[in-house]
Structures are given as C-alpha cells and as structure tokens.
Amino acid sequence: VAQGERWEPRPTGGAMESELELLRELETRVNWLATLMIHNANNVRPKRDGLKVGGHQASSASLVTILTALYLRVLQPQDRVAVKPHAGPIFHALQYLMGRQNKENMKRFRALGGVQPYPSRTKDLPEVDLSTGSVGLGAAATTFCALTEQFLRRKGLPPRPWPGTSVTPGVPGRMIAVVGDAELDEGNVFESLRESWKLNVRNNWYIIDYNRQSLDKIMDEQSFRVIDRMFRMNGWDVITLKYGKQMQAAFERPGGKMLWQWINECDNARYSALTFRGGEAWREALLSNASKLNGDVAEFQRLIDSYDDDALSSLMQNLGGHCFETVLEAFEYASQSDRRTAFIAYTIKGYGLPMAGHRDNHGLFLTSEQIEGVRAKLGLAPGEEWKPFKGMRNEAAARAFVEAAPINSVPTRVHNPEKVPIPEDLAPSVGGSSKAVSTQFAFGAVLSELAKTDSLLADRILTAAPDVTSTTNLTPFVNRRGVFTAGRAERDDFRSNKGVKSMFNWAKSGDGQHIELGIAENNLLTLLAAAGLSAQLFGHWLFPIGTLYDPFVARALDSLLYACYSDSRFMLVGTPSGISLAPEGGAHQSIGTPLMGATTPNLTTYEPAFADEVKVVMRHGFERMQAPAAEGGGSMYLRLTTRQIQQPARDLQQDPALREAVLSGGYWHRAPGPATRSVIIFAGAVAPEAISAQAELGDDTALMQVTSYDQLAVGWTKQGESSHVSSLMARVPRDACLVTVLDGHPVALSWLGSVHGHRVKSLGVQEFGQTGDIPDLYRRYGIDAEAIVAACKSFAASQKSCAKQLPEPPVEAVPQLDHHVERQQQQSHSFV
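Residues numbered from 1 in each chain as written. Predicted model: local features only at pLDDT ≥ 70, side-chain atom pairs only at ≥ 80, totals over all residues. Heavy atoms only, no water.

## A word on empty space enclosed by the protein
Taken as a whole, this structure holds 4 cavities of 30 Å³ or more when the rule is applied. Taken as a whole, the largest cavity encloses approximately 50 Å³ of empty space. Considering only residue class, the lining of the largest cavity consists of 2 nonpolar, 7 polar and 2 charged. (1 Å grid on protein atoms, 1.4 Å probe; cavity = no way out; pocket = protein on both sides within 12 Å on 5 of 7 lines; lining within 4 Å. Points joined across faces, edges and corners; volume = space filled by probe spheres on them. Nonpolar A, V, L, I, M, F, W, Y, C, P; charged D, E, K, R; others polar.)

Structure below.
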C-alpha cells in the first residue's frame, strides 16, 4: 500500500459465507468447463492435420479463483478487463456459465469459427473488452484506456447510457490487466507504467498471477520483490496476496509461526514439486526441516499431524490468489479510491488439476482417464458434461448468483454512437497553390486550420507523439488546442520567464487535446489502440492521430499489429520517411515501412506526393475511422516527407473523379497511348524525378502516380480485372515496359507488371541509407531522374521481342476509362 499506510482488510458483509460457498462451487465448475473444452479439442474432436491443438490448461487454471471472483462478484459493467492470454479457457468457461457463450463454439475451441486461443475483440462471440495474445500489449492497453476515459470526462463526455437502457455509469470504470508474472518481462509493460506515472492515470489495476512458472522454467527467486519495486517506483500501490485464510488461521495455532517460516524460506522449485506430489510429500518435507526452524518442534509436528494428507495438501495450496476471502477483501480495499493498484497474487499453476505444480505442465492437458475421474467426482452422468449447473449442490442458488452478477445487469456493454460529421473541405487554404511544400507541412497545415474551427471533428481530435511533436509538425495544432493533463492545470514555465520567447506553448489543462508521451513508440501505438476504441467502450468517437519518425514504425510494429487486430480506429503518420531525410543518415531513414503498412490488415497505407492529396486522404481517413468493418472501415497510415515539392496547378476539391482516383490508389499524370513504349510509375517524394524523367523521354513515355500501393494491391487481389489498378493499366500497350520508383523498398511497386503481363524494372532503396543531400543520395541509390531515364532506355533494344510475345488488348475492354484518360491527357502538361 502507499508509503506510510497500512492495509486493514474490510469485511464485505454479513451474507459473505453463503456467497463464498457458491463461489467455491462455481470455481470448480468453471475449471471443469475449461478443462472439458480443452479435452474435447485435443482428445475427442477428429484431427485432420496431425497437429497438437493445445489450450494452456495449467496456465488458465491458476487464475480460476481470481477470474471467478471478478466476473461473478466484483466487476461493474463499466469495468474493462484484459485477460491474461493463457487464461482464455477460464474466461470462456465463465462466459458460457453466464449464457454469453454457446456449446457449439466451446466445442470448436481453436477450430475455425470457434473459441479463440486468446481473447479476441473481433473473433470471439462474447464481448471481449481488450484483445490479448501478444503478451504485455493488452495489459498496457488498460493504462491507456483509463487515460482515454479521463480525457473524455474532462471534456464533459462521460460514458453514454448502456444500449437498450437508460442506465449511465455513475463512476469511471476500472481498467484491469490480469497478467502472468512472466508477462511482466515484456519491456512495453515497464514503458507503460512509466507513462502512467507521468500522465497521472487513475482507475488502473494490475492483477499479477504469481504462479512462479513461465513456459520453460520456474521463476527466479525473489521475483516478487522486483515486481513490487517496479510498480512502486512508478507511483502504484501494491497489495501482495500470499496467504489464504486457511493458512492465516494455521499461523495462529501453536507451531504456526514455524509453518510461516518454512513457507517463506521454501524455494519456488521445491514448492512447485511438492504441490505436484501431494500431502504425503508435504508432510515429509515439512517435518524433515523442523529442527532448522525457530520454535518448538513438538508443537510444529502436532500442527502438521492435525491435517490428513488431503487437508495438508489443501492447506499448502491455500495461497492468497486461491482464497476468495483474501481476494475479495483486497479488491474491496482497492476500490475505496481511484489510485493505481497492483495485486501480486500467489497462485498454483494447474490449480485444482492433477498436473498442478509440475514444471512441465505448460503444454499438458488431462488424459481421457483423468477427465472421466473428474466427471465422476462432480456427479455428472455421461452426456451431462456440458450442462453448466448440473449436479451442483444448490443449482437454483448458483444460477441466481450468476444472473445477479453486477456485470450482467445490462444487455450489452458495446456502444454504437452516431457518427461525427466530416467537413467536405478540411482546410480550404491547403492545396491549389504552386508553392513548393512538403507533405508533412501539408499535414500540419490541415490540422492547424481545423484547430481554428468550432467543428465537432476538431473537438474530437486527440493527437499524440513520443517526444517528436515539433519535428512532425503537430505544433500548430498543439499551440491552439493545448496539451492535456488529467491533473491540475500547469502553465508553460519556460514561456512565463521574462525576456524569453518560444514558438511552442506547452501549457497543460483538462481542455487540452494533445498527449505528449516519452520516447517509447510502443506507448504511442498502444494509446492509439485504446483511444481508437473509445466509441465502443465509452460511447463517444475520438479521432486519435499519432506521429512518429517513419523508421520507428518498425519499433512500434508489434503494438501497431495489436491495435489493428483489435480493429481500433486511428491515424498513424510516419514522417519524415525514406532517404529523403538525407542529412540524418541511415539510422533515421526508413526502407521497409511501405511493406509494413501494406501487409497489416485493417490498416490502409497512403503515400501522397502533393499537399491537396494529403488533405483528401486525411478526410477519407476520418470517414473510414467511423465506418463499420464490413463497409471498409479501419485505420490509416500516412507515409510523409519533409521534402518540399512544387505543387500541381489544379483544384482537387472541384474534381471528384480525380479525388476518387487518388483515394483508389493511383492516377495518370500523362496517360498512355498506342505509341507508348515505357511507363514511369512513382510514389511519394520522388515525384520531381519521375516528372523530369518523363519530360526528357517525351511523348512515348507515360507517367502514373501511385498514392496507395496498399489500395491497389488489395483491389487487385480481391477484384481482379474489375479493380482500379487493372483499369489503369489496361491501356498500356503490352510491349511497353514499366519502371517503378519510390523512396522505399522497390517490392512495394514491383508487382504492378503482373496486372497485365508487362516487364518491370523496379527502382528503390534496398540498403541502409547514409548521410548526404538528396541529389547525392538519390544518385547513390538509383532513384534520381537519370536512373529512371536509364532504366526506360535499357528496355528499348528488346521492344520488338516483347511485342511479339504479348498480344495487344482490345481497346473496347475498358471503355469506362475514355473520358478520364482524355481529361488527364489535357491536364498532364500543367502537372509537368
């Protein structure tokens, strides 16, 4: 508990004992249902591929007490839980008990369409608050979910009534991470704890399943001390649950202090082994060490002899994490405030099962004979295995208790708020000028102009950056909208000094819309993941926008995948990108990020070249963030640059066909004709080089821009000949050759030749960058105008053989393109 305080557990009411009896019986039934589900998947269901199914039987059983207490007695509807990935079977058994999961799905555990191996928001039938699976990420997400609710409440946006009811949560939800002890080794967990202190996050719990076993081994001795310090140093209260009530009662008996000493001096490996061996082994081990303990050996022996083998085994497994009284007292105590609290709950891996305590139990599950023994012990006849309450001593009371669980008081906990209207033109002053600007500048200008408005969209934008706010051009927005703090308002101390001026305003208040993070990119993506779920979790749309240097998308890739797997909605801006950030050198120059974006589901990647495209794509992103997944909804990744480029003389806002082409992934600057011999296809910052090369080569060279290699590829694989890219490429003569170029890995565009069978020369960056200026580096890596021209000319000698091999497509195959091609041919000179 906080320094200087004592933990004095408070009683939880006079009716507690009857509740405890029901909870213990329900705990046994939950463990059985999880065990049965795993047994069915591994030993009953036919295997067509010979692979082991698995199921983490032991890892889930260690949390059966804690999860049963949470879901059947503690959790309110507004509380959200990230369940330890390996505890998924216990979670689903509880959902089945509560009528939120069905038998068919349980029988399809780890099969197509059935219960997922790890709780999934998008693939599981019950309402999963936060996906888990990549360990550490779901846990960290609880911290940023708590921060998101604080952000909304400070904006006067408390959670809406539950759908189908008029009931509104009266107090903020507790965001609860249930984690394994080994899971805390993940570095992103410590990074998020650090941020929880800096941002003054409230209502965040970590419940640590301290079973002292990881996948391969027994945990290091005294690990609990390191865990305790890790949380305390970041401003968390810590409550350690080591002893259950049976143990505590034994400690009060004659010889009890010696038992307490023996337990505390026993190493983890020995405790686990004795748990597996049972009461007789416990008795032998306890008494053989009696002479080394402080106290009366005779008293100690009488204490141990007062328990038979089964009772002694039960006593030694009565750790704090398996004692409902202890667990509920701790949860009730922590609920008296909104302080961040960690619970170190001692547990047994494989609790309640024959494999309990064995070091190798991670991948084990019960044999058919063991299953039959457990079934018979529960009094279940063959065919009654899946009946959730059958055979319980008081079936009616158990059903009533489950139905009365506070979390069951509402029909659903998933909100579906109305959409936020998006202005047709986000920033009228952006685009339409021939002035040379960068896409990063355009991004900041769009947000700056939005910040000046009183639109609902502007009010719902939440920006964040890992200490790169100023260098990714978020400053104009932040200066106008302010920095968010969950605590008291803070003025900008630097600007308040006389005689000192600064272009940045870092004053903080609850009205601020920017969250400044430390240099930890995983925290950025985890925050975007949490804030991007605000509509479903809290009933209000937010539009989270996160910026980071593009090469560090790789550093945050695990969290990005987690966010997209959860179908969170956000906008990620990687800027600056590529070797175009020339003076910074290879450590800050990205290569493979186009492929990272394009290969991530639920995320659409764009790499616009011009300011007006940035604005159009951002608007599309805001619309897409609110759309259902079935209608193409998802998140967006923008790959931008600080390179200033001359802008085309056009009004994209007044050209709906061209706007649609930009959003679909590409368009012609100079359309192909019958005489076209080569086609230059570019993306992003290399626009000036591609345009210059086409001008040098002349009329027999066409010029196409790709705004989204992602959109083109997805359309091609799903729609084939009716896709946008197929339509674009259909007019290119079959004997023409393609030269693709971008400031990134060439594979992002190299596939375009497969659309209609054209030969391709792909230019791009395949080696680490280095320091220089753009002319030197573009020349060094072969993406300058000279390299593009040379690639086009290298095909000239083989044009005739290419033409003989590939027949010309009929022009009438794509009549819908005629008007668009003609119009772009008329406009192409102004583009160049």
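## Comments concerning the nonpolar core
Looking at soluble globular proteins, one finds that nonpolar side chains tend to be buried together. The biggest cluster of nonpolar side chains holds 120 residues, and the ones touching the most others in it are Leu572, Met618 and Phe622. When residues of this core are assigned to their parent elements, the largest contribution, 8 residues, is made by helix 6 (residues 137–154). Not counting the four nearest positions on each side in its chain, Phe622 is found in contact with Ile422, Leu426, Leu450, Leu457, Ile461, Phe543, Ile545 and Met571. Of all hydrophobic cores here, the second largest spans 113 residues; its members include Trp205, Ala281, Tyr307 and Leu319. (Core = buried A, V, L, I, M, F, W, Y, C linked by side-chain atoms within 4.5 Å. Buried < 20%, exposed > 50% of the residue type's maximum accessible area, 1.4 Å probe, protein only. Helix = DSSP H or I, 4+ residues; strand = E, 2+ residues; numbered from the N terminus. Contact = heavy atoms within 4.5 Å.)

## So, the packing of helix 6 against helix 7 (residues 187–198)
Interaxial distance between helix 6 and helix 7 falls to 9 Å at its minimum, and their mutual angle equals 10°. The angle between helix 6 and helix 7 places the two elements in the roughly parallel class. For the pair helix 6 and helix 7, the contacting residues are Leu137, Ala140, Thr143 and Phe144 in the first and Asn188, Ser192, Glu195 and Ser196 in the second. Taken together, the residues of the contact of helix 6 with helix 7 sort by class into 3 nonpolar, 4 polar and 1 charged. (Axes fitted to C-alpha atoms, helices over the stretch in contact; angles between N-to-C directions. Parallel < 35°, antiparallel > 145°, perpendicular 65-115°, else oblique.)

## Comments concerning the pairing of strand 2 (residues 175–180)
The buried fraction of strand 2 is high, at 6 of 6 residues. Pairing geometry for strand 1 (residues 80–82) and strand 2, over 3 bridges, is parallel. Along strand 2, the bridge assignment pairs Arg80 with Met175. Bridge count for strand 2 against strand 3 (residues 204–210) is 6 bridges, and the pairing is parallel. In the sheet register, Gly180 faces strand 3, and the bridge partner there is Asp209. (Pairing = 2+ DSSP bridges.)

## Some remarks on the environment of Tyr778
Looking at the secondary structure, you find Tyr778 in helix 31 (residues 774–780). Using a relative accessible area of 1% as the deciding quantity, one classes Tyr778 as buried. Here the alpha-carbon distance between Tyr778 and Met258, two residues 520 residues apart in the chain, equals 75 Å. In this view, Tyr778 contacts Ile579, Ser580, Arg643, Ala685, Val686, Glu689, Asp743, Ile783 and Asp784; residues no more than four positions away in its chain are not counted.

## Notes on the layout of surface pockets
Where empty space is left in the structure can be found by rolling a water-sized probe over the atoms. Estimated volume of the largest pocket: approximately 1300 Å³. The wall of the largest pocket is formed by 39 residues, among which Thr28, Tyr351, Gly352, Leu353 and Lys377 lie closest to the centre. Put simply, the parts of the chain that give the lining of the largest pocket at least two residues each are helix 1 (16–44), helix 9 (245–251), helix 11 (268–277), helix 14 (309–316), helix 15 (324–334) and helix 16 (368–377). For the lining of the largest pocket, the element with the most residues is helix 1, which contributes 9 residues. Within the lining of the largest pocket, the residues separate by chemical class into 12 nonpolar, 16 polar and 11 charged. In this structure, the second largest pocket is lined by 29 residues; those nearest its centre are Thr604, Arg624, Gly632, Gln711 and Val714. Mapped onto the lining of the second largest pocket, the elements with two or more residues apiece are strand 12 (603–606), helix 25 (611–626), helix 26 (656–664), helix 28 (709–719) and helix 29 (724–729). A per-element tally of the lining of the second largest pocket places helix 28 first, with 8 residues.

## Thoughts on the side chain of Ser131
Among the secondary structure elements, Ser131 is positioned in the loop between helix 5 (103–107) and helix 6. With near-sequence residues (within four places) excluded, Ser131 lies in contact with Pro119, Ser120, Arg121, Gly138, Tyr562, Tyr565 and Ser566.

## Concerning the environment of Ile515
With respect to the element layout, Ile515 can be found in strand 9 (residues 514–517). Among the residues examined, Ile515 registers a relative accessible area of 2% and is labelled buried. Placed 92 residues apart in sequence, Ile515 and Pro423 show a C-alpha to C-alpha distance of 24 Å.

## Describing the sheet that holds strand 18 (residues 759–763)
Reading across from one edge, 14-16-15-17-18 is the order of the 5 strands in this open sheet, with mixed pairing throughout. Either end of the sheet is taken by a strand with one partner, and the two such strands are strand 14 (666–670) and strand 18. Averaged over all adjacent pairs, the angle separating strand axes in this sheet is 25°, with direction ignored. Note that strand 17 (residues 737–742) and strand 18 share 5 bridges and pair parallel.

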